[in-house]
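# Structural features, examined
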Amino acid sequence: MSSIFTLSIVQSALELGLIYSLVALALFISFSILNIADLSTDGCFTLGCAVCAMVTIAGHPVLALFAAMAAGICSGYITAFLQTKMGIESILAGIIVNTGLYTINIAVMGFASNINLFNRDTIFSIAKNAIGGNWYKIFVVAGIVLVVGLLLAWFLNTRLGLSIRATGDNASMVSASSINPTMTVTVGLCVANALTALSGGILGQYQKSCDINLGTGMVTIALASLIIGESLIGKGSVVRRVIGVVVGSCLYRLIVAVALRLSVPAE
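Residues numbered from 1 in each chain as written. Predicted model: local features only at pLDDT ≥ 70, side-chain atom pairs only at ≥ 80, totals over all residues. Heavy atoms only, no water.

With that settled, the discussion passes to the pattern of salt bridges. By the definition in use, this model includes one salt bridge. Residues Glu230 and Arg241 are paired through a salt bridge, measuring 3.6 Å at the closest nitrogen-oxygen approach. Placement of the pair is Glu230 in helix α10 (residues 218-233) and Arg241 in helix α11 (residues 238-261), with a sequence separation of 11 residues. Given a relative accessible area of 19%, Arg241 falls into the buried group. (Salt bridge = Lys/Arg side-chain N within 4 Å of Asp/Glu carboxyl O. Helix = DSSP H or I, 4+ residues; strand = E, 2+ residues; numbered from the N terminus. Buried < 20%, exposed > 50% of the residue type's maximum accessible area, 1.4 Å probe, protein only.)

So, on to unusual backbone geometry. The phi angle of most residues is negative, glycine excepted, and most peptide bonds adopt the trans form. Here the phi dihedral of Asn35 falls at roughly 60°; this positive angle occurs in a residue that is not glycine. Examined against the element boundaries, Asn35 turns out to sit in the loop between α1 (7-33) and α2 (41-57). Residues other than glycine seldom take positive phi values, yet Asn119 does so here, at roughly 65°. Along the chain, the position of Asn119 falls in the loop between β1 (114-116) and α5 (123-130). When its relative accessible area of 82% is taken as the criterion, Asn119 is described as exposed.

The axes of two packed helices give the description: the angle between them and the distance between them. The geometry of helix α6 (residues 136-155) relative to α11 is characterised by a closest axis approach of 9 Å and an angle of 150° between their N-to-C directions. Relative to α11, the element α6 lies roughly antiparallel. Between α6 and α11 lies a crossing whose hand is right-handed. Side by side, α6 and α11 meet where Val145, Gly149, Leu152 and Ala153 of the first sit next to Val238, Val239, Val242 and Val246 of the second. (Axes fitted to C-alpha atoms, helices over the stretch in contact; angles between N-to-C directions. Parallel < 35°, antiparallel > 145°, perpendicular 65-115°, else oblique. Left-handed = near helix turned anticlockwise from the far one by under 90°. Contact = heavy atoms within 4.5 Å.)

Encoded structure:
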């Protein structure tokens, strides 16, 4: 048992679990709160990684994360526009955006299928110089997730956040209360996709590379993390549910790491 749970495996699982927890939080907004199946997640994750990688290569590793979030907001806006203004079903709208993003991602990456960030400054290399040791990556990612989690919990308890939560429960009631459901859906999806793109950007800097197929299966991973978290922590306050999502993501990565350690085929 001790050979399965080595310190390096636990450390790697925590690092990746925290990074992917941002995608799980994005699906928490779109799937659990808004009750929308957003299938643009795969493409948006790669978009965030691609934008972040290109801005990092330009020499701005911190700004790159904000650029990735801005790109994610654009993706979320298009998805919401297709649903609310064009009357397209949420699943189909997500598929359309996901398909279109493949071409956009290739273009962002300079029409290359992969790019590397070796010998480039990243938030992790900056942290290594500032903090040192072997746990600096966890400190960086945990700090980002903590800030995002607190901001998300605060936002969902504001008037706009409560309107978004109400839209997912009963859009007709929200509309009857003089709240525009089109606006709440749009804001919700923009926030969700911003988190997805941020996660992709952090992963790109973490592994110092970006691949066009990086986001494949991201919806499945995020949903698994979401289900594990809600099963263990249960439903309750927003803060409790946010903690559950993060814990679920870390447990999922730990389960994957153990499975690979036991020589289960990666596919």
